[in-house]
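Overview (structure and organization)
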Amino acid sequence: MSSIKWYSGLINEPLTAALKPALPMLAIGTLAAALSGLTKLGALWCLVQVIDDQSVTWIIGVGALLLASAILSSAASWSTHKAEAGFAARLRRQVAKHLIRLPASTLTRWDDKKLRSLLSNDVLSLHHLVAHLPAEIVTFAIVPLVSIAFLVAISGLQALLVLTPGAVAALYYLWFMPKISARHGEQRAKVMSEIVTAVDEYVRGIRASRIYGAQSGALASYHSATDRFTHGMITWVRKVATAAAVAVSLLQAVATFAIAYAITYQQGTAAIAAGLFFGLAIVTPSLRLGHGLDYVSAGRNAARHLTDFFREPPLPSANARVPESRVLLEAKAVTLTAGEQFVVERTDYRFSPGTMTVISGPSGAGKTTLLRALAGLEQTLSGSMRLAGVDLVMLNEEARHQTIRLLPQGSSALLTSVRENLTLADPEQADEKLEAALRQARLEVDLDAHAGNLSGGEMQRLGLARMFLTSAPVLLLDEPTSALDPDTTKHIIKSLQLLAHSQGKTIVIVSHDPVCAAEADVHLQMQRNTLRVPE
Amino acid sequence: MNASTLNEKSTRKSPFSRDSRNRVLAISLGWIVVAALEATAYTTLALAIVHHHPPVTVVTSAAIAMLMTVLVTRAGFLSGARLSGDLYAALGNALARAKLSWFSGEHQAEVMVLAGRGIPGFMSIPAHQLQSLLHAPLIPLLLLIGLGLVGGLEIMLVAGCLLAMSLGMQFFAQRALKRIDIERHTRDLNTAQSTQELIDHLELLRNAAGPVLALKRIECQWEHQEQAMARINRGAAIAVFISALAGALPLVGLASYLIFTGFNNPGQLLALLVLITRAAAPMEELALSGLVINDLRAALKDYHQIIDAPALPEAGPDEVKQPEGYGLAATQVSHSPMLHDISVDAPEGARLLIVGPTGSGKSTLIELLMRFDDPERGEITLGKVPLAKIRYEDLMAHIAYVGQDPVIFTGTLADNIRIGKPHASDADLEKIARYVTLGSVIDRSPLGIEQPVGHQGSALSGGERQRLALARALIKGAPILVLDEATSALDQNTEKEIAKIIRRLPGTVILVTHRNETIWAPTHTIMLGG
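Bear in mind that the values here come from a model prediction, so they are computed numbers and not experimental data.

Another aspect to go through is the nonpolar core. Residues and elements named next belong to chain B. Membership of the largest hydrophobic core comes to 254 residues, with the highest contact counts inside it found for Leu-272 and Leu-275. The element that contributes the greatest number of residues to this core is helix H9 (residues 216-260), accounting for 18 residues. By size, the runner-up hydrophobic cluster in this structure holds 66 residues, among which are Leu-368, Leu-369, Ala-433 and Ile-480.

Residue and element names in this part refer to chain A. Summarizing the sequence annotation, UniProt attributes the feature "transmembrane region" (unreviewed entry) to residues 21-38, 58-78, 123-142, 148-175, 240-263 and 269-290 in the numbering used throughout. End C-alpha to end C-alpha, residues 21-38 measures 28 Å, and it is 89% helix and 0% strand. Within residues 240-263, the helical portion is 92% and the strand portion 0%, while the C-alpha atoms at the span's ends are 31 Å from each other.

With that settled, consider the sheet that holds strand E3 (residues 355-360) of chain A. Residues and elements named next belong to chain A. Spatial strand order, E6-E7-E8-E3-E9-E10: 6 strands in an open sheet with mixed pairing. The open sheet has two free edges, formed respectively by strand E6 (404-407) and strand E10 (530-532), since each of these has just one partner strand. Each strand of the sheet is rotated relative to its neighbour by a mean of 20°, with strand direction disregarded. Across the sheet, helix H16 (residues 367-374) touches E3, E6, strand E7 (474-478), strand E8 (506-510) and strand E9 (522-527), and the angle it forms with E8 is around 160°. This element, helix H20 (residues 456-469), spans E6 and E7 of the sheet and lies at about 170° to E6.

Okay, the pairing of strand E7 (residues 480-484) of chain B next. All names here are of chain B. Most of E7 sits out of view: 5 of its 5 residues are buried. Residues of E7 alternate between two faces, with Ile-480, Val-482 and Asp-484 on one and Leu-481 and Leu-483 on the opposite face, all of them buried. In terms of strand pairing, E7 meets strand E8 (residues 508-512) through 5 bridges, oriented parallel. Following the sheet pairing, Ile-480 is matched in E8 by Thr-508. Regarding topology, helix H17 (residues 492-504) serves as the crossover connection from E7 to the parallel E8, and that connection is right-handed.

This next bit is on the confidence of the model for chain B. As a note on interpretation, predicted positions should not be read in detail where pLDDT is low. All names here are of chain B. For chain B, the mean per-residue pLDDT works out to 85, and 94% of the residues sit at or above 70. Under a pLDDT of 50 for its full length, residues 1-13 has, in the predicted model, 12 contacts with residues more than four places off or in other chains. At the level of chain-chain contacts, confidence expressed as ipTM amounts to 0.77, with global pTM at 0.68.

It is worth spelling out the sheet that holds strand E4 (residues 377-382) of chain B at this point. All names here are of chain B. Read from one edge of the open sheet, 4 strands run E2-E1-E4-E5, paired in antiparallel fashion. Taken across any chain shown, the strands that pair with only one partner, and hence form the sheet edges, are strand E2 (339-346) and strand E5 (385-386). Summarising the sheet, E4 and E5 pair through 2 bridges and their orientation is antiparallel. When the bridges of E5 are listed, Thr-381 appears paired with Pro-386. Where helix H11 (residues 362-369) meets the sheet, it contacts strand E1 (328-335), E2 and E4, and its direction lies at approximately 125° from that of E1.

Here Ile137(A) is to be found in helix H8 (residues 133-155). For the pair Ile137(A) and Ala34(A), spaced 103 residues apart in sequence, the C-alpha to C-alpha distance is 9.5 Å.

Below, the discussion takes up the packing of helix H12 (residues 253-264) of chain A against helix H3 (residues 56-97) of chain B. In contact at an axis separation of 9 Å, H12(A) and H3(B) are set at 165° when each is read in the N-to-C sense. Put simply, H12(A) runs roughly antiparallel to H3(B). Crossing of H12(A) against H3(B): the hand is left-handed. Across the interface between the two elements, Val254(A), Ala255(A), Phe257(A), Ala258(A), Tyr261(A) and Ala262(A) from H12(A) touch Val58(B), Val59(B), Ala62(B), Ala65(B) and Met66(B) from H3(B).

All names here are of chain B. Under the UniProt annotation, the feature "transmembrane region" (unreviewed entry) is placed at residues 24-50, 56-77, 132-149, 155-173 and 236-260. Helix makes up 100% of residues 56-77 and strand 0%, and the two end C-alpha atoms of the span are 32 Å apart. In residues 132-149, helix accounts for 100% and strand for 0%; the two terminal C-alpha atoms are 26 Å from one another.

Now for the environment of Gly364(A). Along the chain, Gly364(A) falls in the loop between E3 and H16. For the pair Gly364(A) and Ala338(A), spaced 26 residues apart in sequence, the C-alpha to C-alpha distance is 9.6 Å. Apart from the residues within four sequence positions on either side, Gly364(A) is in contact with Ser440(B), Val441(B), Ser461(B) and Glu464(B).

On a regular strand, one side chain projects to one face of the sheet and the next to the other, so that they alternate. All names here are of chain A. Two strands pair when backbone bridges link them, and E3 and E9 are joined in this way by 4 bridges, in the parallel orientation. By the bridge assignment for E9, Ser-360 is matched with Gln-525. Where E9 lies against E10, 3 bridges are found, and the strand directions are antiparallel. By the bridge assignment, Met-526 is partnered in E10 with Leu-531. The loop that links E9 with its antiparallel partner E10 comprises 2 residues; one of these, Arg-528, has a positive phi angle of about 40°.

A separate point is H9(B). Residues and elements named next belong to chain B. The end-to-end C-alpha distance of H9 is 64 Å, a good match for the 66 Å that 45 residues give at a rise of 1.5 Å each. Along H9, the largest kink reaches about 35° and is centred on Leu-249; proline Pro-250 follows within four residues of it. At the exit of H9 stands Gly-262, carrying a positive phi of roughly 75°.

Quick notes on the rules
Residue numbers restart at each chain and count upward from 1, following the sequence in its written direction. Here every chain gets a letter starting at A, and every ligand a number starting at 1, in the order they are written. With pLDDT at 70 or above as the cut-off, local features in this predicted model cover only qualifying residues; side-chain atom pairs require 80 or more to be listed or tallied, and sums for whole chains, interfaces and linings still use all residues. Take the buried Ala, Val, Leu, Ile, Met, Phe, Trp, Tyr and Cys residues, join any whose C-beta atoms are within 7 Å, and the set you get is a nonpolar core. Here a residue counts as buried when 20 or more other C-beta atoms sit within 10 Å of its C-beta, as exposed when there are 12 or fewer, and as partly exposed otherwise, the C-beta atoms being derived from the backbone. Starting at the N terminus, helices and strands are each numbered in turn, a helix being any DSSP run of H or I of at least four residues and a strand any DSSP run of E of at least two. UniProt positions are given in the numbering used here, feature names are shortened, and annotations may be inferred rather than shown by experiment. Any two strands with at least two DSSP bridges between them are considered paired. Every angle, taken between N-to-C directions, lies between 0 and 180 degrees, and every axis is a line fitted to C-alpha atoms, over only the stretch in contact when it is a helix. Contact criterion: two residues are in contact if their C-beta atoms, reconstructed from the backbone, are within 7 Å. With its strands directed away from the observer, a crossover is right-handed exactly when the path from the first strand over the helix to the second travels clockwise. Confidence scores per residue from the predictor, reported as pLDDT, run from 0 to 100. Any angle that is under 35 degrees is reported as roughly parallel, and any over 145 degrees as roughly antiparallel; angles of 65 to 115 degrees are reported as roughly perpendicular and all others as oblique. Left-handed describes a crossing in which the near helix is turned anticlockwise from the far one by less than a right angle; the clockwise case is right-handed. A helix's residues, less one, multiplied by 1.5 Å, set its expected span. Here the bend at each residue means the angle between axes fitted to two seven-residue stretches, the one ending at that residue and the one beginning there.

See below:
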């Protein structure tokens, strides 16, 4: 199949893995589509014979071939779509798997809109390219060629004039339209994504937008994005509308029929019949082109986005494992940066099991980055973070997650039940255990309650309950009490400390809350790119 | 867009403006004329074949039909573009009106699907959908008359029966597609929602569930979606088969009828077969467009649901009052589930502290004071005027607000602050940013105040995001400043610094905090939840 080579130009390497298993089914579908087109032409040939000699045999031929064509086109549709669905499913999972393994600093560079569209629009954009393009190319090449042969055989070379309207329309779709709309298409796609971003930001930041008035902020950018979209569309449509409308009208059978009749009316009924029926041979595939070739460039762009995304290196991991309790977490000559800024430089520190360490420091010093690096979610510039003597990057990723748990800053919960929020890591946890963890986090809430109804402080305690629930020996908490009152804070910090002491857990908390610092076994300050005990 | 055009548009009942409606009607009429001219051209051709006419009349009638097609198609393309503009504007205004409690995760995902796919899809209504809906069904009806003219009443009746059968089969196929398609639409929405969940909670999911289990929830959704898609594919393949049969039936049926009844005039035979082929052709088109039209109908339904999102009642022009001053008061306000008979008095210049255990409704009370929703019972007034009697723009002009989770937009530091005062100069922006101790952030990049803050502020720390939101609130210079845990991520010294700035403000400050209450020197305090 010649189109495969062209394909690999469109769809780059990481995607071919997802595409390869789909190829046999895709080939079957394409073959069925081609055969469907040919059997239909056979039926038309029989029909011309019917008009010539009015025999029953030929009319049976017409019926049988049209039935075969219908079966084949149905089979083609089914198998190409099945092949494509498999491809999309594999691709979607590859994207998600890669996404979940990217360092936090990489995610900062990719905005949500791009990430979301990788998982939805970009995968959908490839649908046409994979499911429809092969069949369309084959149909567009084979069906017209065979019908031109029939046409010339019956009415001679001058019959080729019948093909003029279809050919002109095809020229429009294949040459004029792509040329004109290439620039506009890109512009439109840009404005389109601006609209989606504008809506997203507007809806998410609705409170801020409301308070600061409709004329500023996201609604204004929404209105300007949509105005630009409409404006751009109208300008573009004005440019192409007349040519497009002419192409549409040429594709109506009226045009072809008029020419066919003008050429063949003196050649007898069979010749007129052939002119009329086969003359539409180029029109039918051109009609499909009329649905647009935009999807080819859309698919190409999607493939490019996906390739860029797959090029982002994931967090390294290997196969080392570590003991499941009382593990030492240490920074060895670690240099760590956040953007251009140094967080720590050549710093050594050992976080011992059975100890609760609280790290404080001025805002923007890079506390969150440090904690992420300790969790193995951010790479160090030099030196290494080690767990029980093993470099974090050498660990098996699941083992790393079983050993280290990070509670990220801020409070958020999945919009589902409290129970599902607690059992993300282990769906089999018994309710009694979950309730005990909630009690330790001082959160009185029903397991079946919807987590979306919780207040900020309650969501934060839901996150803390997860930390009480896990058996991981290393717990890292980023500003875990920012939304809690001092009483609750004190109680929870005490509980965490008890956990460190009684079960030998290594607990590191980043917090600027003096209540936390006061309870710490060790209190560290981030200062001048290193960790030190405050005087 | 200024406030008056916003209001004008918001009072409009239908999302389609009168201009759009008239344009759509004119184009509908155009498609009917095109159908009539096209049917005439085919019938002229058929009669010419039977009577061996020279091609002049055939070519002329074809040229007229084509000219009309060009005109109507062109107008259709243009009004499609205008229509999408109208719909986007209506969506933007509906979102601006909808009350804040409406913006749930589910609705957010629906809005995203509508803006990204639904509305661009509506653009094809005038040029394509109207053609399918008017031109396609009219052609067979008009060509039946042509069949009658060429072959007589009996053949016209046979052809009519065959076309009706073909239509019945198409109808069956289309109904099946519609049923399947509704499900596909639901699946798409669910997938969009769970994709959003994965992206929004990426950090939570990968930390809480780990690299393998994090994808379990979205995987579950995908599997449902893929099963549904496989079912849709099977249904679609059967529908494609039936529709292909339906397309062939009139031609094969009429040809067989004529041959078996001993018809032996080749010219007349060809003329009849040409007419029945053209009469049957649009039905295949109808079936193919079935999928698109079902999509469109579902999208229109979603569109109406979003456009009709609940809004808070606005006072009529006669009832509107201007607040006298900016004293804020609530009398015996109740709002389930947390607030019962709460009264608040914040005279001009007060520093009102709202305290209470977590979950006692502090944020809800603050939101009611800013009319994010109306309380179930009781009344809230600004300058002695009930909030419902004040134009929303006037109310908002009085208030600046920083919430628990500061909203930072993707853009630069300057962009984020400028939202508070659109015409502020760059120097003013930098001044206010340094005032709220963001100097170190400004100085760490050569771009200064123009440095990007990453996606939704992800390049900033929690404390920096809060101070940025605070800068935005301060530059607005509103008489009432509302701070809901707005300094929770700051270290103690920075928080003290900020409190000092806030204390110097001449206006009213309403704040929720649960630590260091004294640094704010409140003049009034309200206890919630006992």
